[in-house]
Amino acid sequence: MSVTPAFPQGFLWGGATAANQLEGAWDVEGKGVSVADVVTGGDVNTPRLIDPSLDPDKYYPNHDGIDFYHTYEDDIALMAEMGFKTFRMSIAWTRIFPTGMEDEPNEAGLAFYDRVFDCLRAHGIEPLVTISHYEMPYALVDKLNGWESRECIDYFMRYATCVLDRFHDKVTYWLTFNEINCGLARGGASTSTGTFKGYTGPRTGLPFDLSVRYTAVHNQFVASAKTVIYAHAHYPELKIGDMCIYIPYYYRTCDPDDVLLSQQVMQRVNYFTSDVHVRGYYPGYIKRYFADNDITVRMEPGDDELLRAGTVDFCTFSYYMSNCVSCDPTLETTGGNLFGGVKNPYLKASDWGWQIDPKGLRWALNEMWDRYQKPLMVVENGMGAFDKPGEDGVVHDDYRIEYLRQHIEQMREAVADGVGLMGYTMWGCIDLVSASTGEMAKRYGFIYVDEHDDGTGTGARSRKDSFHWYKKVIESNGSDLS
Ligand code: BG6
């Protein structure tokens, strides 16, 4: 008798966002300048630039976001209308500690998140909070070169313990760092090593030194482990997870050299960071990679013990695409949010070159489950597209519905395979500023936001077709995907 795929009861359906991409209000009520605030807008062909001079003649899209800071009540009401069980959001570090180095937090910033969490709870929506989503204080970059410096760990702990102390009775599910493995991507970071993301082109004078990158990620590992240890000691009811980007790298041919290359890329890109977070130690394959490539990671005595003691309670990841690898340098390549690859002839790609591969999600879930046997959550997945309202004023985004339907179907198959999947938060459930390009034009949402890259727009929200579709999906706990 065949198994009927179904999602478990209590499955956490919802959507995902990040503070710097939607809040706006970048300089109000004591907020400091974050790394996201010093990056200009771009598009698929124009890289974003880091310009901390805050040149008034340049456009910094994260300054205004979609003004969620002022519209959160209405926006959350729309999410509640869809039936969200959870809402993934992040806290802007610079709202709480404007330069990261203050002794006391900014009460106005804390009060804002109190209001947001209260509003979510009033609608029966469980917050899922990322403590750091690509937005450390710029002052820490300026002074310390960001996470390259060990000192950042203490500043982060000041912030992380502050928000845990303040919000532990409002927020049960926490993630330490968003897509921590992106800090290792060429073009994915800057002087702030591991905190900016989304750069797909060359950047002004940014060094790419692997020892610095791995040291920066190591410091974040230690900060993450210390956060988990603190949370477990003080608030044992909390669940703390990690968050990594997951991109299957298939071997393009069955040439054993391609197969081996695929395994090595999978280890370095996808598993290294989650192995450390979940298993609590540096795996042998990465030590060998360090040795072979003269990479020196600055560690301190006691770090090994911290990593072992601070392993996470659940694992989350983002999933947008898959890529291929091959030893043949003549094969055609394709894009990706940070890590490109060899083109897969069986897959289509989005307008931004991200290859669409729903079955890869089932594969990823099975791989992750086999490896860790910890509750999993897909906390980002979605389709960036050029949405245009029709003559009736409504966005008819059947392409997005199709993308999501196929991915959710594959998640359901993975659950039937025995994978312990606890939830799904679709990325950019409300249109927001793209991380890689800074565009509003790259839209993901169920909710359309009338704002455009030329600065026009009323900011009005409206329901796309996918809004009604997702509502039905949630109502039926994923059994009705029609
Ligand atoms: C993820 C990030 O990598 O991808 C998000 O965590 C980001 O912050 C999302 O927005 C989609 O990428 P983009 O570049 O299309 O906004």
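Remember, predicted model here, so these are calculated numbers, not experimental data. Per-chain numbering applies: the sequence of each chain, read as written, is numbered from 1 onward. Local features in a predicted model are, by the rule used here, given only for residues with pLDDT of at least 70; side-chain atom pairs are given and counted only at 80 or more, and totals for whole chains, interfaces and linings are based on all residues. For side-chain calculations, the full set of non-hydrogen atoms in the structure is used, while hydrogens and water are omitted.

1. Describing the overall build of the chain
1) Next: By the criteria applied, helices consist of DSSP H or I runs no shorter than four residues and strands consist of E runs no shorter than two, each listed in order from the N terminus. The helix and strand inventory of the chain stands at 13 helices and 14 strands.
2) Next: For 482 residues, the compact-globule estimate of 2.2 N^0.38 gives 23 Å, and the chain sits close to it at 21 Å.
3) Next: If one aligns the C-alpha atoms of the chain with their principal axes, the spans along those axes are about 60 × 55 × 45 Å.
4) Next: Within the span of the chain, comprising 482 residues, buried residues form 61% of the whole.
5) Next: Here, two residues are considered to be in contact whenever any of their heavy atoms come within 4.5 Å of each other. A separation threshold of at least 6 residues defines the contact pool for the chain, and within that pool the share at least 24 residues apart is 74%.
6) Next: Taken as a whole, the chain presents about 18000 Å² of accessible surface, with 50% of it coming from carbon and sulfur. With C-alpha atoms as the basis for the radius of gyration, the globule rule is written as 2.2 Å multiplied by the number of residues raised to the power 0.38. Residue exposure (1.4 Å probe, protein chains only): buried if accessible area is under 20% of the type maximum, exposed if over 50%, otherwise partly exposed. The accessible surface values rely on the Shrake-Rupley method and a 1.4 Å probe; as for residues, cover is taken only from the protein chains in view.

2. Observations concerning helix α11 (residues 358-372)
1) Next: To estimate the expected span of a helix, count its residues, drop one, and scale the result by 1.5 Å. Compared with an ideal rise of 1.5 Å per residue, which puts 15 residues at 21 Å, α11 spans 22 Å between its outermost C-alpha atoms and is within 8% of the ideal.
2) Next: Among the structural elements, β6 (249-251), α8 (256-279), β7 (314-318), β11 (376-380), α12 (398-416) and β12 (421-427) are those in contact with the buried residues of α11.

3. Some thoughts on the sheet that holds strand β1 (residues 12-16)
1) Next: Only strands joined by at least two bridges in the DSSP assignment are considered to pair. Strand order in the closed barrel formed by eight strands is β1-β2-β3-β4-β5-β7-β11-β12, with parallel pairing between adjacent strands. Sheet twist, expressed as the mean angle between neighbouring strand axes with direction ignored, is 25°.
2) Next: As defined by bridge partners, β1 adjoins β12 across five bridges and the pair is classed as parallel. Looking at the pairing, A16 lines up with W427 of β12. Each axis is a line fitted through C-alpha atoms, taken for helices only over the stretch in contact, and angles between the N-to-C directions span 0 to 180 degrees.

4. Here we look at the site of the ligand
1) Next: If even one non-hydrogen atom of a residue comes within 4 Å of a molecule or strand, that residue is called near it. Looking at the ligand, there are 16 residues lining it, with Q21, E179, E380, S436 and Y444 nearest.
2) Next: Polar contact is defined as a pair of N or O atoms within 3.5 Å, subject to the rule that within protein one atom must be able to donate a hydrogen and the other to accept it, and that residues adjacent in sequence are counted only when both atoms are side-chain atoms. Between the ligand and E380, the relevant distance is 2.7 Å, taken from an oxygen atom to a side-chain nitrogen or oxygen of the residue.
3) Next: At 3.3 Å, a side-chain N or O of W427 approaches an oxygen atom of the ligand.
4) Next: Isolated, the ligand exposes 380 Å² of accessible area, and the fraction of that covered by the protein chains is 100%.
5) Next: Partitioning the shell around the ligand into residue classes produces six nonpolar, six polar and four charged. Each residue is assigned to one of three groups, with Ala, Val, Leu, Ile, Met, Phe, Trp, Tyr, Cys and Pro labelled nonpolar, Asp, Glu, Lys and Arg labelled charged, and all others, Gly among them, labelled polar.

5. Observations concerning the packing of aromatic side chains
1) Next: Pairing of aromatic side chains here covers Phe, Tyr and the six-membered ring of Trp, requires ring centres within 6.5 Å, and sorts the geometry by plane angle: under 30 degrees stacked, over 60 edge-to-face, intermediate tilted. Applying the stated criterion across every chain, the model contains 38 aromatic pairs.
2) Next: Centroid distance Y320 to W354: 5.3 Å. Interplanar angle 75°. Geometry classified as edge-to-face. With a gap of 34 residues between them, Y320 in the loop between β7 and β8 (323-325) and W354 in the loop between β10 (341-342) and α11 connect regions that are remote in the sequence.
3) Next: A network of ring pairs unites the aromatic residues F7, F11, W13, F84, Y424, F446, W469 and Y470 as a single cluster.
4) Next: The ring of Y271 is capped by R371, whose NZ or CZ atom sits 3.9 Å from the centre of that ring.
5) Next: The criterion is that NZ of a Lys, or CZ of an Arg, lies within 6 Å of the ring centre and within 35 degrees of the ring normal, and then a charge sits over that ring. Between the NZ or CZ atom of R463 and the centre of the ring of F467, over which it lies, the distance is 5.4 Å.

6. Details of the environment of A160
1) Next: With respect to the helices and strands, A160 occurs in helix α6 (residues 151-167).
2) Next: Note on A160: relative accessible area 0%, which makes it buried.
3) Next: With residues up to four places along the chain from it excluded, the contact list for A160 reads I131 and T227.

7. Notes on the pattern of salt bridges
1) Next: By convention in these notes, a salt bridge is any Lys or Arg side-chain nitrogen within 4 Å of a carboxyl oxygen on Asp or Glu. The final tally for this structure, using the stated rule, is 28 salt bridges.
2) Next: Of the charged contacts in the structure, one is a salt bridge between R461 and D75, with a shortest N-O distance of 2.9 Å. With R461 in strand β14 (residues 461-463) and D75 in helix α2 (residues 68-82), this residue pair connects regions lying 386 residues apart in the sequence.
3) Next: Since its relative accessible area comes to 1%, D75 is described here as buried.
4) Next: The salt bridge partner of K170 is D118, with a shortest N-O separation of 3.0 Å. Of the two residues, K170 sits in the loop between α6 and β4 (173-177) while D118 sits in helix α4 (residues 107-122), which places them 52 residues apart along the sequence.
5) Next: Salt bridges sharing common partners tie together D387, D397, R400, D431, R443 and K464.

8. With respect to the confidence of the model for the chain
1) Next: Predictor confidence is given residue by residue as pLDDT, running from a minimum of 0 to a maximum of 100. Predicted confidence across the chain gives a mean pLDDT of 92, with 94% of residues reaching 70 or more.
2) Next: Confidence over residues 188-205 falls short of pLDDT 50; this stretch has 69 contacts with residues more than four positions distant or in other chains.

9. Quick look at the layout of surface pockets
One way to see where empty space is left: roll a probe the size of a water molecule over the atoms.
1) Next: The way it works is a 1 Å grid over only the protein atoms, where trapped points that fit a 1.4 Å probe form a cavity and open points with protein on both sides within 12 Å along at least five of seven lines form a pocket, and then any residue with an atom within 4 Å of a point lines it. Grid points are joined across faces, edges and corners, and a volume is the space filled by probe spheres set on the points. By volume, the second largest pocket is sized at about 240 Å³.
2) Next: Taken together, Y249, Y250, Y251, V259, S262, Q263, M266, Q267, Y271, W363, E367 and R371 form the lining of the second largest pocket.
3) Next: Contributing elements (two or more residues each) for the lining of the second largest pocket: β6, α8 and α11.
4) Next: At six residues, the largest contribution of residues to the lining of the second largest pocket is made by α8.
5) Next: Taken together, the residues of the lining of the second largest pocket sort by class into seven nonpolar, three polar and two charged.

10. Points about the pairing of strand β2 (residues 86-90)
1) Next: Within β2, five of the five residues are buried, leaving the element largely enclosed by the surrounding structure.
2) Next: On β2, burial covers both faces: T86, R88 and S90 on one face and F87 and M89 on the other are all buried.
3) Next: Pairing of β1 with β2 involves three bridges; the strand directions are parallel. By the bridge assignment, G14 is partnered in β2 with T86.
4) Next: Examined bridge by bridge, β2 and strand β3 (residues 126-132) share five bridges and lie parallel to one another. The residue bridging T86 from the neighbouring strand is E126, located in β3.

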